[in-house]
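If you want the building blocks of each chain, they are given just below.
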Amino acid sequence: MAFNTLKVENFFRRVSAASIKKYATASEAVQVQEEPPVHFRTAESNPVNHTTQHQERFYTIPNDVYKKLYSGGGLPKEFMKQVKTFNECCFLTRSPTIEILSYLRNTNYNKPVNRYVLYGPSGCGKTLSMAHILHYGLATQKVLIHIPWAPNWFRHPKEVANSTTREGYVDLPIDAAAWLIHFKNQNSQLLEQLKLTTDKEYTWSLRESTPRGVPLMQLVDLGINRVRYASEIIIALTSELKEASIAGKCQTLVMIDGYNIFFTDRTRVFTDAKAMVLPDKVSLTIAALEMTKYDWCNGAVVVSVDQLAVGGKKESDLPRLLLGKAGFEHLDPFMPVSVNPYTDSEFYNVMDYFKDRRWVRNCDEEGLQELKLLSAKNGFKLMNLCAAL
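Note that the structure is a prediction, hence the values are computed from the model and not measured.

Draft legend 1. The arrangement of the overall build of the protein in detail. Looking only at helices and strands, the protein has 15 helices and eleven strands in total. Within the protein, the proportion of its 389 residues that are buried is 45%. For the protein, contacts bridging at least 24 residues in sequence account for 73% of all contacts bridging at least 6. Carbon and sulfur atoms make up 52% of the accessible area of the protein, which totals about 20600 Å².

So this is what it looks like as structure tokens:
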């Protein structure tokens, strides 16, 4: 049989080229294949999907979400320093957060709002749990009414002015305007999509008013530009969002850290006559208490109570003592969710995360046991023990 030498050579060239291409493609696939996440991290960065299988592991907050949600507050100062140092924001997915997220997923939003109260020893992670839930609210397109740390209004007010519309009340105009900026950063894109407008006409002075049918963001911008009206505009804004939720136009998530400050008997807010003003005579309190009632639907309320909110040590960190009779009756019925110190698994994962960030080095098992003992597995204490010198 005669062979065509040229045809044979071409055949082998084609086979060799196909083999080389196949091998190169396989090599590229091997190179781009991502390494599986380490045991203390999860690749799932969407809180909507967080379940018990992601518990006790860190997840990373995208930078754009971090700037949008927490630029106006919501994270402890020490934690924010850590975020800057590590060049990333990571939350530990904990049991209290998973519990509340499961409730929010299975809620019947046609019923009156459910109220959830986070409580527990100071430094155990109530604020970070709320920050995690806040991210869930953003991911599920809920309008966010977020007060990062309510005690700041009553401990360090920037300015105090007598209310021009409510006799016997005082306004905190600069603090109110700062909160409106925080609200705008978190909700501007969603409110543009929802196209929510005012349902009432508002008169601020003889010359200035807001007609019915104006976009809510225009109302917010008025409060930012005209600081003297900011407190009253917050009351109007929350009232409008409450009515919009009842009408089914949106879903609203209310989150207030340090909620028990609204029922304290001591503040640093003083009138011109140097008389102390209790929270129930501060106009911003009206909006906070109205949004935490159960007389509306299509929403949820998550608050925290903390000994640090009212200063000093209390006999207990339970909601009944920290809220007092008036606060407890205002929220009742509510779902209490305890935030406790780290479990052993959480403690070791946190330390592994510190090691991964090169923040803790050369720490053997004996050193870990000492840190566990000194911190009592309290997240804040552990962060301080591992802080820079």
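Draft legend 2. Examining the packing of aromatic side chains more closely. In this structure the tally under the stated criterion is 19 aromatic pairs. Ring geometry for Tyr70 and Phe91: centres 5.9 Å apart, planes at 75°, overall edge-to-face. You can see Tyr70 sitting in helix α2 (residues 63-70) and its partner Phe91 sitting in strand β2 (residues 89-92), a full 21 residues away along the chain. For the pair Tyr70 and Phe91, one class covers both residues: buried.

Draft legend 3. Representation of the layout of surface pockets in the model. Put simply, the second largest pocket is a space of about 380 Å³. Along the wall of the second largest pocket there are 20 residues; nearest its centre are Ile261, Thr264, Asp265, Arg266 and Val310. Elements with a contribution of two residues or more to the lining of the second largest pocket: α6 (151-155) and α12 (319-331). Ranked by the residues each element gives to the lining of the second largest pocket, the list is headed by α12, at seven residues. The class makeup of the residues in the lining of the second largest pocket is eight nonpolar, six polar and six charged.

Draft legend 4. Examining the confidence of the model for the protein more closely. Considering every residue of the protein, the mean pLDDT works out to 90; 89% of them sit at 70 or more. Per-residue pLDDT stays below 50 along residues 15-35; that stretch engages in zero contacts with residues further than four places along the chain or on separate chains.

Draft legend 5. Focus on the nonpolar core. Among the nonpolar cores identified, the biggest contains 56 residues, and Trp179, Phe183, Ile256 and Phe262 are the most heavily contacted of them. Per-element tally for this core: the top contributor is helix α9 (residues 230-246), with eight residues. The contact partners of Phe262, leaving out residues within four places of it in the chain, are Ala150, Trp153, Phe154, Ile256, Pro279, Thr285, Ala288 and Leu289. Residues Tyr59, Cys124, Val302 and Met383 belong to the second largest nonpolar core, which totals 31 residues.

Draft legend 6. Looking closely at empty space enclosed by the protein. Scanning the entire structure with this criterion turns up two cavities of 30 Å³ or more. As a volume, the largest cavity reaches approximately 90 Å³. Every residue lining the largest cavity is listed: Ile145, Ile147, Trp153, Trp179, Ile234, Thr238, Val254, Ile256, Leu284, Ala287, Ala288 and Met291. If you list the elements that add at least two residues to the lining of the largest cavity, you get β4 (143-147), α9, β9 (252-256) and α10 (283-291). A total of four residues in the lining of the largest cavity trace back to one element, the largest contributor, which is α10. A breakdown of the residues in the lining of the largest cavity according to their chemical character gives eleven nonpolar, one polar and no charged. Counted as a void, the second largest cavity has a volume near 40 Å³. Looking at the second largest cavity, the residues that line it are Gly74, Thr127, Met130, Ala131, His146, Pro148 and Asp257.

Draft legend 7. Molecular detail of the sheet that holds strand β10 (residues 299-304). Within the open sheet, the five strands sit side by side as β4-β9-β10-β3-β11. Their pairing is parallel. Looking at strand neighbours, the two that pair on one side only are β4 and β11 (335-338), the edges of this open sheet. With strand direction ignored, the average angle separating the axes of adjacent strands in the sheet is 15°. Pairing between β9 and β10: five bridges, direction parallel. In the sheet register, Val254 faces β10, and the bridge partner there is Val301. Contacts from α12 reach β3 (114-119) and β10 within the one sheet, and its direction differs from that of β3 by about 170°.

So, how was this worked out
- Residues numbered from 1 in each chain as written.
- Predicted model: local features only at pLDDT ≥ 70, side-chain atom pairs only at ≥ 80, totals over all residues.
- Heavy atoms only, no water.
- Helix = DSSP H or I, 4+ residues; strand = E, 2+ residues; numbered from the N terminus.
- Buried < 20%, exposed > 50% of the residue type's maximum accessible area, 1.4 Å probe, protein only.
- Contact = heavy atoms within 4.5 Å.
- Areas by Shrake-Rupley, 256 points an atom, 1.4 Å probe, with all protein chains shown as cover.
- Phe/Tyr/Trp six-rings, centres within 6.5 Å; stacked < 30°, edge-to-face > 60°.
- 1 Å grid on protein atoms, 1.4 Å probe; cavity = no way out; pocket = protein on both sides within 12 Å on 5 of 7 lines; lining within 4 Å.
- Points joined across faces, edges and corners; volume = space filled by probe spheres on them.
- Nonpolar A, V, L, I, M, F, W, Y, C, P; charged D, E, K, R; others polar.
- pLDDT = per-residue confidence, 0-100.
- Core = buried A, V, L, I, M, F, W, Y, C linked by side-chain atoms within 4.5 Å.
- Pairing = 2+ DSSP bridges.
- Axes fitted to C-alpha atoms, helices over the stretch in contact; angles between N-to-C directions.

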